[in-house]
Amino acid sequence: MKISAATKRARNYAKVTDDWYTKFKLSDVTGIGFEEGVARRDPSSIIEFENKYYVYYTKSIGDWNPKTTNHLDKRYPWDYADICYAESEDGLNWIEKGVAVPRGDTGSFDERTVCTPDITVYNGKYYLVYQCIELNGEYIGTHEKVAMAIADNPHGPFTKLTQPILERKADGFWFENSAEDTNTYNDCEFEGTVHDPMLFHFNDKFYLYYKCFIQKDRSNLKTINKSQGGRHGVAIADNIEGPYIPSPYNPITNSGHETLMWKYKNGIATLLANDGPECNTIQYSTDGINFEIKSIIANPPLAGGAFRCPDTDSKPLAGLKWGLYHPQFANNKHWDYIARFDSI
Ligand code: AAL
């Protein structure tokens, strides 16, 4: 009996993919969907409280221009943004409730923007982790820090910690210092940037995942690296407020842009989209660090946040049953908006 290389691989996939494979149905929502002149994006995971769903997201008003020569101008839809939140009874029709975390006062470490939040519930408290940056005349979408704000219920008020919980490493790989000829999968300093935080209570510690880009030239290594060279890292703390220590294993993925992760049994699952040679895969790790490919998927939701369902351990993709995401500039719409995905 002769077996081709492809068939050998396929037999291995068949052992794992059934329970890990999904397609996605993508639908519009009301209340936080498309609105001219307003950007809503990077929705958090969704939590349930008193029979209603809650989501947190980046909201900014007014136009933006990445080519502006004055770096104090609004450059991106997540620039000069606040973190807003919305409530829903069915996950499709949302009511925007207002600002959960505003930008900081003059001179603060989060004066310019707060964006890209995720929410974690731990011991009856609500923890938002998010990106922020001070008023910075050299802001080019880099050098954000990760901050935390805490509340007793989903409506807040959220109290900010006085210092960020994670900062980039100045000598970490980032666009300015990634050598063109470097094989970006060799050893390198990580944490050149820390974006897209997502926090889990896991194995009696706190695992703060995030994304780092490490490629300068976005067209370099295009075929295996795709787009912006994003990959993920984790920083671990004994206490939820930190200190968070980056894992020496970083990067713990070599693909993926925004984080979309959920718990399953004694491990953590992740959907990697957008960037890298393992883009469009679902992966799983029992130690939160060493992830293995479980399935290859099509049309993943970008920048998604999943519903934190109570029965996340019932099957591998229970924690990915539905959620919200942002279609990136879909239909040439300049204004980011939030939509819904369902695993089908
Ligand atoms: C996103 C995320 C981070 C980036 C920007 C806003 O989708 O990767 O949040 O900084 O784009």
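The structure under discussion appears in the preceding block.
Residues numbered from 1 in each chain as written. Predicted model: local features only at pLDDT ≥ 70, side-chain atom pairs only at ≥ 80, totals over all residues. Heavy atoms only, no water.

**Student:** What exactly am I supposed to notice about the overall build of the protein chain here?
**Tutor:** Counting its regular elements, the protein chain contains two helices and 21 strands. Here the protein chain holds 344 residues, and 56% of them are scored as buried. Within the protein chain, residue pairs in contact and separated by at least 24 positions form 55% of the contacts whose partners lie at least 6 positions apart. Surface accessibility of the protein chain: about 15,300 Å² in total, with carbon and sulfur atoms responsible for 49%. (Helix = DSSP H or I, 4+ residues; strand = E, 2+ residues; numbered from the N terminus. Buried < 20%, exposed > 50% of the residue type's maximum accessible area, 1.4 Å probe, protein only. Contact = heavy atoms within 4.5 Å. Areas by Shrake-Rupley, 256 points an atom, 1.4 Å probe, with all protein chains shown as cover.)

**Student:** Any chance you could explain the packing of aromatic side chains here in plain terms?
**Tutor:** Inspection of every chain in the model, using the stated rule, returns 20 aromatic pairs. Ring geometry for Y53 versus F307: centroids 5.2 Å apart, planes at 80°, classification edge-to-face. Of this pair, Y53 sits in strand β4 (residues 52-61) while F307 sits in the loop between β19 (305-306) and β20 (322-325), and the two are 254 residues apart along the sequence. Centre to centre, the rings of F200 and Y209 are 6.1 Å apart; their planes meet at 75°, and the pair counts as edge-to-face. The exposure class assigned to F200 is buried, which follows from its relative accessible area of 6%. Judged by relative accessible area, which is 0%, Y209 ranks as buried. (Phe/Tyr/Trp six-rings, centres within 6.5 Å; stacked < 30°, edge-to-face > 60°.)

**Student:** Explain the nonpolar core here, please?
**Tutor:** Ranked by internal contacts, the top residues of the largest apolar core, which has 19 residues, are Y56, A100, V101, L128, Y130 and F158. Counting only elements with at least two residues in this core, the list comes to β3 (47-49), β4, β5 (82-88), β6 (94-101), β7 (113-122), β8 (125-133) and β9 (145-151). Per-element tally for this core: the top contributor is β8, with four residues. (Core = buried A, V, L, I, M, F, W, Y, C linked by side-chain atoms within 4.5 Å.)

**Student:** Explanation requested: the site of the ligand in the structure shown.
**Tutor:** In the region of the ligand, the neighbouring residues are R41, D42, W78, T116, Q131, H195, D196, K211, H257 and E258. Here an oxygen atom of the ligand sits 3.4 Å away from a polar atom, N or O, in the side chain of H195. The fraction of the free accessible surface of the ligand (280 Å²) that becomes covered by protein chains is 96%. The residue inventory of the shell around the ligand, partitioned by class, reads one nonpolar, four polar and five charged. (Near = heavy atom within 4 Å. Polar contact = N/O pair within 3.5 Å; in protein donor to acceptor, adjacent residues only side chain to side chain. Nonpolar A, V, L, I, M, F, W, Y, C, P; charged D, E, K, R; others polar.)

**Student:** Just to check I follow, could you spell out the side chain of E111 for this structure?
**Tutor:** Tracing the chain through its elements places E111 in the loop between β6 and β7. Despite its burial, E111 pairs with no opposite charge, the nearest such side chain being R103 at 8.5 Å. (Lys, Arg positive; Asp, Glu negative; His and termini not counted. Salt bridge = Lys/Arg side-chain N within 4 Å of Asp/Glu carboxyl O.)

**Student:** Whenever I open this one, the sheet that holds β8 confuses me. Can you help?
**Tutor:** Hydrogen bonds between backbone atoms are what pair the strands of a sheet, whose relative direction is either parallel or antiparallel. If you walk across this open sheet you meet the four strands as β7-β8-β9-β10, and the pairing is antiparallel. The open sheet has two edge strands, β7 and β10 (159-160), and neither has a second partner. Looking at chain direction, β7 and β8 are connected through eight bridges and run antiparallel. Note on β8: the bridge partner recorded for T120 is Y127. (Pairing = 2+ DSSP bridges.)

**Student:** In this structure, what is going on with the pattern of salt bridges? I would like to understand it.
**Tutor:** Side-chain pairing between opposite charges can occur once the charged atoms of the two side chains come close. Inspection of the entire model under this criterion finds 15 salt bridges. Here D336 ties to R41 by a salt bridge, and the two come within 2.8 Å at their closest N and O atoms. Of this pair, D336 sits in the loop between β20 and β21 (339-343) while R41 sits in strand β2 (residues 38-41); the two residues are 295 residues apart in sequence, bridging distant segments of the chain. No difference in accessibility class separates D336 from R41, as the two residues are buried. The closest approach of N and O atoms between K52 and E87, which form a salt bridge, is 3.8 Å. Of this pair, K52 sits in strand β4 while E87 sits in strand β5; the two residues are 35 residues apart in sequence, bridging distant segments of the chain. Given a relative accessible area of 26%, K52 falls into the partly exposed group.

**Student:** Can you walk me through unusual backbone geometry in this structure?
**Tutor:** Trans is the common state for peptide bonds, and a negative phi is the common state for residues other than glycine. G156 connects to P157 through a cis peptide bond whose omega is 0°. Residue G242 is joined to P243 through a cis peptide bond whose omega torsion reads 5°. You can see P243 is positioned in the loop between β13 (230-237) and β14 (245-246). The residue E50 is not glycine, and still its phi comes out positive at about 45°. As for its placement among the helices and strands, E50 is situated in the loop between β3 and β4. For E50, a relative accessible area of 66% corresponds to the exposed category.

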